Amino acid sequence: MGRPSGGNRKEEILEAGLEVFARKGYYNTTTAHIAEKAGISQPYVFRFYKTKEELFIAALDRAFERILDAFKKVDSSAEQLVENMIEAYDKLSERHPNEIALQVIGISVTEEAIRNATQQGLTSIRNYTLERFRDAGIENAEREATTFLARGILCNISYFLELPMLIDGKNK
């Protein structure tokens, strides 16, 4: 194992965690798996994250932050807002596919701290989307924001399960 490199090591551990949790799930991932992916020793992970749960929450928070950042960067007319936000999410999903899996996994984990983090992340996205829709003058903004998020979650589940027919109706 190579010597850890300065201040970016916490970030590298977080990104390794994102990838390993997305691939193996929360319950099947160990800090040893994440350490291996990051190219460090397992005890070194604990210098930055006290528990696997803390690392998962940090990874989940990162996923939700990236979604909010993508939505905040959308500069659009009211007529194109929903479509452009979907496009921004699609691009984010291509660049950071682990975020999709992490959201689905976060919904399924029963530990209270992780459930709370998932609730906070989804609430932040919902609140931002609702505010953005209202500011754009979208009719029935509350219903439209709920539908937007519901479709997004369905897309995530479809992607995670490799079941595109949930979205496009085609059996591939």
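Residues numbered from 1 in each chain as written. Predicted model: local features only at pLDDT ≥ 70, side-chain atom pairs only at ≥ 80, totals over all residues. Heavy atoms only, no water.

Asks: It is not clear to me how the pattern of salt bridges should be interpreted in this structure. Could you clarify?
Replies: Any two side chains of opposite charge can pair, so long as their charged atoms come close to each other. By the definition in use, this model includes 10 salt bridges. For the salt bridge of E142 with R126, the shortest nitrogen-to-oxygen distance reads 2.3 Å. Of this pair, E142 sits in helix α8 (residues 141-160) while R126 sits in helix α7 (residues 112-135), placing them 16 residues apart in sequence. Under the relative-accessibility criterion, E142 is labelled partly exposed at 38%. Using a relative accessible area of 24% as the deciding quantity, one classes R126 as partly exposed. Through salt bridges with shared partners, one network takes in E11, E15, R62, R66 and E99. (Salt bridge = Lys/Arg side-chain N within 4 Å of Asp/Glu carboxyl O. Helix = DSSP H or I, 4+ residues; strand = E, 2+ residues; numbered from the N terminus. Buried < 20%, exposed > 50% of the residue type's maximum accessible area, 1.4 Å probe, protein only.)

Asks: Got a minute to help me understand the side chain of T31 in this structure?
Replies: Following the sequence through the fold, T31 ends up in helix α2 (residues 31-38). The class of T31 is buried, set by a relative accessible area of 7%. At 2.5 Å, the side chain of T31 forms a polar contact with the side chain of Q42. Discounting chain neighbours no more than four positions away, the residues touching T31 are Q42, V45, F46 and K52. (Polar contact = N/O pair within 3.5 Å; in protein donor to acceptor, adjacent residues only side chain to side chain. Contact = heavy atoms within 4.5 Å.)

Asks: Would you mind showing me how to read the environment of D135 here?
Replies: Among the secondary structure elements, D135 is positioned in helix α7. Given the relative accessible area of 63%, D135 is considered exposed. Considered as a pair, D135 and A117 are 18 residues apart in the sequence and their alpha carbons are 27 Å apart.

Asks: Whenever I open this one, a nonpolar patch on the surface confuses me. Can you help?
Replies: Among the surface-exposed residues, L154, Y159, F160, L161, L163, M165, L166 and I167 lie close enough to one another that they form a single nonpolar patch of about 660 Å² accessible area. In this structure, I167 sits in helix α9 (residues 165-168). On the basis of relative accessible area, I167 is assigned to the partly exposed category, the value being 36%. (Patch = residues over 30% accessible without salt bridge, like charges linked within 9 Å, V, L, I, M, F, W, Y side chains within 5 Å. Areas by Shrake-Rupley, 256 points an atom, 1.4 Å probe, with all protein chains shown as cover.)

Asks: Honestly, the nonpolar core in this entry has me stumped. Any pointers?
Replies: In this structure, I13, L55, F56, F71, L102 and F133 are the most contacted members of the largest nonpolar core, which totals 48 residues. Secondary-structure elements contributing two or more residues to this core are α1 (9-24), α2, α3 (42-48), α4 (52-72), α5 (81-95), α6 (98-108), α7 and α8. When residues in this core are grouped by element, the largest group, 11 residues, is from α4. Excluding anything up to four places from it in sequence, L102 contacts L18, F21, A22, F56, A59, L60 and A63. (Core = buried A, V, L, I, M, F, W, Y, C linked by side-chain atoms within 4.5 Å.)

Asks: Would you take a moment to explain the environment of F46 for this structure?
Replies: Counting through the fold element by element, F46 comes out in helix α3. Here the alpha-carbon distance between F46 and A35, two residues 11 residues apart in the chain, equals 9.8 Å.

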